[in-house]
Amino acid sequence: MLAQRSCAIFSKASKASTAGLWSSFLRNKSTVAAAGSLKARLAELIPLKQQQLKELKTNHGSKSLGEVTVDMAIGGMRGAKVLLWDTSLLDSEEGIRFRGYSIPEVKQLLPAAVEGGEPYPEGMLWLLMTGEVPTAAQVKSISEDLNSRAVIPEFVEELLDRCPRDLHPMSQLSLALNALQRDSIFAKAYKDGINKKLYWDPTFEDSMNVIAKLPLVAARIYQNVFKGGKAVPVDMSVDYSQNFANMLGFGENKGFVELLRLYLVLHTDHEGGNVSAHTTHLVGSALSDPYLSLAAGLNGLAGPLHGLANQEVLRWILNMNKSLNTNNPTKEQITNYCNETLASGNVIPGFGHAVLRKTDPRYTSQREFALKHLKDDPLFQTVSNMYEVVPQILTKQGKVKNPWPNVDAHSGCLLCHYGLLEQDYYTVMFGVSRAFGVLSQLVWDRALGLPIERPKSMTMDSLTNMFK
Ligand SMILES: CC(=O)SCCNC(=O)CCNC(=O)[C@H](O)C(C)(C)COP(=O)(O)OP(=O)(O)OC[C@H]1O[C@@H](n2cnc3c(N)ncnc32)[C@H](O)[C@@H]1OP(=O)(O)O
Ligand SMILES: O=C([O-])CC(=O)C(=O)O
């Protein structure tokens, strides 16, 4: 019935547009089946948000959000308020709020598989897309919808199977996304002349398809690179995280599945200015489809100052342990190793942040998970000891604006505990989660008709001359 309702909304919209394309799009059974209640809810919300944006422009369009300084132009635009991003907002002291909800609130409000356990990422997707807390039935409808979209074309499987094992898993993920783009509904609709008022619909379809296909792609990369290539198909009767865990080979381990749920929820979104979000948004603003936009964003996530830091943290800890020949270094040993890292001109991975000025609540949430499930794990003890010593060491340096740990300082030790030891893979899992946030916003970018992004750049000479 909801699917019918969404079709009705859509048919109405398509009358306004010219394209016979649209009726053929609607005739496509898989698309109609997929047009579940999430899409129907979005169709209801979009006119309201369009109106809000219109009023914002009319009433406040010419007001200033602050000064743009030369420091901002040189220093990575830190603090410049120049992006619209609705799915989450970051406070430098408090940390992230997803659609207004803090992490503890999200954990309390979103439906979970286990009583008192971790929320389903599907619920997070609903929240990010609509701003509303879903019911258990709505979460289930998302699991089913995603399962029904999950299959990947054979040529993409072959492409991944042919990748050399030493091609980084993040490069393989990006490659696969670019290849999956062959089936972009948005790209086809654009080619066929879709009315711009309808862009959000194929963007939504592509986004859901991408999110659905990511576990199969990601698991195939894991199995190929680290485990000899076993492929586990989607189980239509289970949720997204259970399926992903099954495909990775950890499905029997209920602790791992719960960790995966938490991991996928926490890494979804971190407002719009971080490299992966901003890149996805920027590339999408050229009307590149969700596959291309996300692939670009994930290429940014693969940088060691951004998402790759989670692999770097674990590598750093394991290198320290190896050089000290211990699994449980003392605080003094950790301090000395940190000082060596800094003296060699390297960063201590997992610490610092461009916006946060306190411990990342995503770190705290993972720490709470560790205290509940694995408090005696030696790696967790090292991570805890680092929490005690690294902030002081960084503060002593005098230049680090935030000495506290970020999300990446903790994730590796949790994954390791459950046997997912391959650090090079960690950012792929981050990428699967990040797709939820940046693609939800991309749907809204198109629904709100946001324009191509094109800030002004300056040369050093032009800046120097400006202030002569
Ligand atoms: C999911 C995420 O993306 S979370 C971030 C993951 N990245 C990491 O954990 C890598 C380690 N951390 C860092 O490199 C930085 O803190 C970043 C990239 C996260 C933020 O960078 P910035 O906003 O430029 O930080 P900040 O303004 O504090 O930098 C000032 C100086 O302190 C240094 N600094 C910042 N963090 C660290 C650190 N963890 N270790 C050593 N030095 C650091 C910077 O490199 C910079 O040095 P410079 O002036 O010689 O160039
Ligand atoms: O906000 C940032 O710049 C980096 C970050 O923590 C994220 O993207 O999750």
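Residues numbered from 1 in each chain as written. Chains lettered and ligands numbered in written order. Predicted model: local features only at pLDDT ≥ 70, side-chain atom pairs only at ≥ 80, totals over all residues.

An unreviewed UniProt entry lists the protein under the name Citrate synthase, with Smittium simulii given as the organism. Taken verbatim from the UniProt record of the protein, the Sequence similarities (unreviewed entry) comment is "Belongs to the citrate synthase family." Regarding the protein, the relevant UniProt record gives this comment under Subcellular location (unreviewed entry): "Mitochondrion". (UniProt positions renumbered as here; feature names shortened; annotations may be inferred.)

Neighbouring ligand 1 are 21 residues; Ala309, Val347, Gly352, Ala354 and Lys401 lie closest to it. Per-class residue counts for the shell around ligand 1 are 11 nonpolar, 7 polar and 3 charged. (Near = placed C-beta within 6 Å. Nonpolar A, V, L, I, M, F, W, Y, C, P; charged D, E, K, R; others polar.)

All right, on to helix α20 (residues 378-397) then. The end-to-end C-alpha distance of α20, which contains 20 residues, comes to 28 Å, matching closely the 28 Å that a straight helix rising 1.5 Å per residue would cover. A maximum bend of about 35° is found in α20 at Tyr387, where proline Pro391 lies one to four positions downstream. Residues of α20 that are buried include every one of Leu379, Phe380, Thr382, Val383, Met386, Val390 and Leu394, and no others. Residues of α20 that are buried sit in contact with α17 (309-324), α18 (331-343), α19 (361-373) and α21 (408-417). At the exit of α20 stands Gly398, carrying a positive phi of roughly 85°. (Helix = DSSP H or I, 4+ residues; strand = E, 2+ residues; numbered from the N terminus. Expected span 1.5 Å × (residues − 1). Bend = angle between axes of the 7 residues up to and from the residue. Buried ≥ 20, exposed ≤ 12 C-beta atoms within 10 Å, placed from the backbone. Contact = placed C-beta atoms within 7 Å.)

Attention now moves to the pairing of strand β1 (residues 88-91). Each regular strand carries side chains that alternate between the two faces of the sheet. Going residue by residue along β1, you find Ser88 and Leu90 tucked away on one face and Leu89 and Asp91 left uncovered on the opposite face. Bridging between β1 and strand β2 (residues 95-98) involves 4 bridges; their strand directions are antiparallel. Along β2, the bridge assignment pairs Leu90 with Ile96. Counting the residues in the hairpin turn of β1 and β2 gives 3 residues. (Pairing = 2+ DSSP bridges.)

Let us look at the site of ligand 2. The full set of residues close to ligand 2 is His270, Asn274, Ala354, Val355, Asn406 and Val407. Residue composition of the shell around ligand 2, grouped by class: 3 nonpolar, 3 polar and no charged.

Counting 115 residues, the largest nonpolar core has Leu173, Ile211, Ala218, Leu294, Ala435 and Leu439 as the members making the most contacts within it. At 14 residues, the largest contribution of residues to this core is made by helix α12 (residues 200-226). Leaving out residues up to four positions away in the same chain, Leu173 has contacts with Val217, Ala218, Ile221, Leu298, Val428 and Gly431. (Core = buried A, V, L, I, M, F, W, Y, C linked by C-beta atoms within 7 Å.)

With that settled, the discussion passes to the packing of α12 against helix α16 (residues 290-301). Closest axis-to-axis distance for the α12/α16 pair is 9 Å, and the angle between their directions is 50°. In terms of orientation, α12 and α16 fall into the oblique class. Contact with α12, carried on its side by Thr203, Asp206, Ser207 and Val210, involves Pro290, Tyr291 and Leu294 of α16 and no other residues of that element. The residue inventory of the contact of α12 with α16, partitioned by class, reads 4 nonpolar, 2 polar and 1 charged. (Axes fitted to C-alpha atoms, helices over the stretch in contact; angles between N-to-C directions. Parallel < 35°, antiparallel > 145°, perpendicular 65-115°, else oblique.)

For Arg99, which is not a glycine, the phi torsion comes out positive at approximately 45°. Structurally, Arg99 can be placed in the loop between β2 and α6 (103-109). C-beta crowding within 10 Å serves as the criterion here: with 20 such atoms nearby, Arg99 is assigned to the buried category. For Glu271, which is not glycine, the phi dihedral falls at a positive 45°.

Moving on: the confidence of the model for the protein. Should pLDDT be low for a region, the predicted coordinates there are not to be read in detail. Predicted confidence across the protein gives a mean pLDDT of 93, with 92% of residues reaching 70 or more. The complex prediction reports pTM at 0.93, with the ipTM value standing at 0.99. (pLDDT = per-residue confidence, 0-100.)

The next subject is helix α10 (residues 169-180). Counted at 1.5 Å a residue, the expected span for α10 with its 12 residues is 16 Å, and the 16 Å between its end C-alpha atoms agrees. Buried residues dominate α10, accounting for 9 of its 12 residues. Taken together, the buried positions of α10 are occupied by Pro169, Met170, Gln172, Leu173, Ser174, Ala176, Leu177, Ala179 and Leu180. Residues of α10 that are buried sit in contact with α9 (154-161), α12, α16 and α22 (426-447).

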